[in-house]
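Structure assessment
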Amino acid sequence: MTWIGHLDLDAFFARCEEIKNPDLKGKPVVVCVYTRGGSSGAVSTSNYRARELGIGSGMPLSEAKTRSNDETVFLPVDREYYSRRSQEVMSVLRKNSGKIQKNSVDEAFFQLRKNPVEKARKIKEEVESKGFSCSIGLSDNKFVAKMASEHDKPDGLKKVEDKIDFLREKPVGEIHGVGSKTEEKLQEIGVERCEDLRQMNNARLATALGRNQAAELREKAAGKGSAELETEQQKQMSKITTMNEDSSDHSFVEKELSRACYRLHKRIEEEEKAFSSVEVIVIDTELNSFTRSKKVKTSRTREKLFGHASSLLEEFMSEKDAEVRRVGVRVSGLVDTGKQTSLVSF
Ligand code: TTP
Ligand code: MG
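All chains use their own residue numbering, which begins from 1 and follows the written sequence. To read the labels, note that chains go from A and ligands from 1, taken in the order they are written. Owing to the predicted nature of the model, reporting of local features is limited to residues with pLDDT of at least 70; listing and counting of side-chain atom pairs is limited to 80 or more, with chain, interface and lining totals taken over all residues. Side-chain calculation: all heavy atoms of the structure are included, whereas hydrogens and water are not.

1. A look at the sheet that holds strand β5 (residues 100-104)
Defined as follows: One bridge is not enough; two strands pair if DSSP finds at least two bridges between them. In this description a helix means any DSSP run of H or I spanning at least four residues, a strand means any run of E spanning at least two, and both kinds are numbered starting from the N terminus. To define axes, lines are fitted to C-alpha atoms, for helices over the stretch in contact only, and angles between the resulting N-to-C directions are given on a 0 to 180 degree scale. Throughout, a residue-residue contact means that at least one pair of heavy atoms, one from each residue, lies within 4.5 Å.
An order of β5-β6-β1-β7-β8 is seen for the 5 strands of this open sheet, with the pairing classed as mixed. Of all strands in the sheet, those bounded by a partner on one side alone are β5 and β8 (157-159). Here the strands of the sheet are splayed against their neighbours by 15 degrees on average, with no regard to which way each runs. Summarising the sheet, strand β7 (residues 134-139) and β8 pair through 3 bridges and their orientation is parallel. When the sheet's bridge partners are listed, Leu138 is paired in β8 with Lys159. Strand contacts of helix α5 (residues 116-129): β1 (3-9), β6 (107-112), β7 and β8, with the helix running at about 165 degrees to β7, the strand carrying the most contacts. Its contacts with the sheet put helix α6 (residues 142-151) on β1, β5, β6, β7 and β8, and the angle it makes with β7 is roughly 140 degrees.

2. Structural notes on the nonpolar core
Test applied: Definition used in this section: a nonpolar core is a set of buried Ala, Val, Leu, Ile, Met, Phe, Trp, Tyr and Cys residues joined via side-chain atoms within 4.5 Å. The buried label goes to any residue with under 20% of its type's maximum accessible area, the exposed label to any with over 50%, and the partly exposed label to all in between, with areas taken from a 1.4 Å probe on protein chains only.
Counting 30 residues, the largest nonpolar core has Leu7, Leu9, Leu93, Phe110, Ile123, Val127 and Ile136 as its most contacted members. Counting only elements with at least two residues in this core, the list comes to β1, α1 (12-20), β2 (29-35), β4 (73-76), α4 (79-96), β6, α5 and β7. Take this core: its biggest share by element is 6 residues, from α4. Excluding anything up to four places from it in sequence, Ile136 contacts His6, Leu7, Phe110, Ala120, Ile123, Lys124, Ala148, Ser149, Gly156, Leu157 and Lys158.

3. A short note on the sheet that holds β2
The mixed open sheet is built from 3 strands, whose spatial order is β3-β2-β4. Each edge of the open sheet is held by one strand with a lone partner, namely β3 (40-46) and β4. The mean inter-strand angle of the sheet, taken between neighbouring strand axes irrespective of direction, is 40 degrees. Strand direction decides the pairing type here: β2 and β3, joined by 6 bridges, are antiparallel. Among the inter-strand pairings, Thr35 is bridged to a residue of β3, identified as Ser40. Where α1 meets the sheet, it contacts β2, β3 and β4, and its direction lies at approximately 110 degrees from that of β2.

4. Re the side chain of Ser310
Note that Ser310 resides in helix α13 (residues 302-319). With residues up to four places along the chain from it excluded, the contact list for Ser310 reads Glu254 and Leu257.

5. Considerations on the pairing of strand β12 (residues 324-332)
Judged from the 8 bridges that link them, strand β9 (residues 236-247) and β12 form a sheet pairing that is antiparallel. The residue of β12 that forms the bridge with Thr242 is Arg326. Sheet topology note: the strand β10 (residues 273-284)/β12 ladder contains 8 bridges and is antiparallel. Looking across to β12, one finds that Val280 is bridged to Val329.

6. Things to note about the coordination of the magnesium ion (ligand 2)
Short version of the rule: Metal donors were taken as nitrogen, oxygen and sulfur atoms no farther than 2.8 Å from the ion, or 3.2 Å where the ion is Na, K or Ca. Water is excluded, so coordination may look unfinished. Sites are called tetrahedral only when four donors show all angles between 85 and 135 degrees, square planar or octahedral only when four or six donors show opposite pairs over 155 degrees and all other angles between 65 and 115, and irregular in any remaining case.
Bound to the magnesium ion (ligand 2) are the protein donor atoms Asp8 (OD), Leu9 (O) and Asp106 (OD), situated 2.0 to 2.2 Å from the metal. The site at the magnesium ion (ligand 2) holds 6 donor atoms, and with the angles between them running 82 to 178 degrees, its shape is octahedral. Between consecutive donor residues of the magnesium ion (ligand 2), the sequence gaps follow D-L-x96-D. Since its relative accessible area comes to 12%, Asp8 is described here as buried.

7. Some words on the site of ligand 1
Stated precisely, the cut-off is as follows: One heavy atom within 4 Å of a molecule or strand is enough for the residue carrying it to be called near that molecule or strand. Polar contact is the term for a pair of N or O atoms within 3.5 Å; when the atoms are in protein, one must be able to donate a hydrogen and the other to accept it, and sequence-neighboring residues count only if both atoms are side-chain atoms. Every accessible area reported is derived by Shrake-Rupley at a probe size of 1.4 Å, with residue values counting cover from the shown protein chains alone.
Near ligand 1 there are 13 residues, and of these Ala11, Thr45, Tyr48, Arg51 and Asp106 occur at the shortest range. Ala11 has a polar backbone atom sitting 2.8 Å from an oxygen atom of ligand 1. Phe12 is positioned with one of its backbone polar atoms (N or O) 3.0 Å from an oxygen atom of ligand 1. Alone, ligand 1 offers 560 Å² of accessible surface; in the complex the protein occludes 67% of this.

In structure tokens form, the structure reads like this:
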């Protein structure tokens, strides 16, 4: 049997801020989108300490301020940082699952074939080692897996086998896609929980919601849903390192490049990819950025990666007398190799 997992990070933006600045530990943290030069705004998310004060997503900043205490820290969103941290979590999933569907920076579906609970525990541990806490739901389709990841939040793990029983008491408002308007219409005909929805007379439900939505919700109430993952076609991967000291010495820069290749290759291996284009990135002390790239025969080995990258670096260094601060390597034209592919093929 194929299991579908849904992972959702707990208090994601706020947790990123706690990782960025460990002094925030133990304090209520509120991440905000500021408007009008910072005088007003809205809460993006808050950590669980701040939620205890009643501060949560979507709340106007003014209200959050009145609920806050002396310890509460308000911070602006830093999307670029969150996106980088998110990639670390996604690579844990890619490493542990053959197929993933990323939904947003903080959530993804993934496929597991055997021992789903054991695998999910391992994923949770690895996600924790990156500084995060997450909740995972497991079922045989995406809809129920997502409901399950919300079941025990935060730090939850819920496997659902008897879907109808699991959904029975859930308020219909928790069904993904049921907004406040639909919820109201359902309440008017006495439907509060998924079980009411499942039992509701077909014609009455269709009159209240229209045929299409009625049919869709009835399926959900019965725990049915798609198990098809829409996988991303990742287009490129890169690794850039800042050198221990600035240098214009070719062999010194090449050594740093070799480190970048080593790290990038680990990811290429983890994600079971092969590449057909290599690019070297050089950033000098004035923060000018230069690139040299070339198309190559589809490859997957570290030797090939470093070989192509070092020849590109040599070409660049012979043309330009740069004082290098950062050096990196990027691969694109990625294809899946799959676990079974023999190394010889590439
Ligand atoms: P969520 O997963 O809904 O929230 P969360 O991760 O902060 O908390 P939890 O999952 O533990 O309940 O959303 C993920 C991120 O999306 C969240 O950290 C901030 C952002 N976000 C907003 O900017 N505005 C919003 O209204 C919501 C709900 C989330
Ligand atoms: Mg979340």
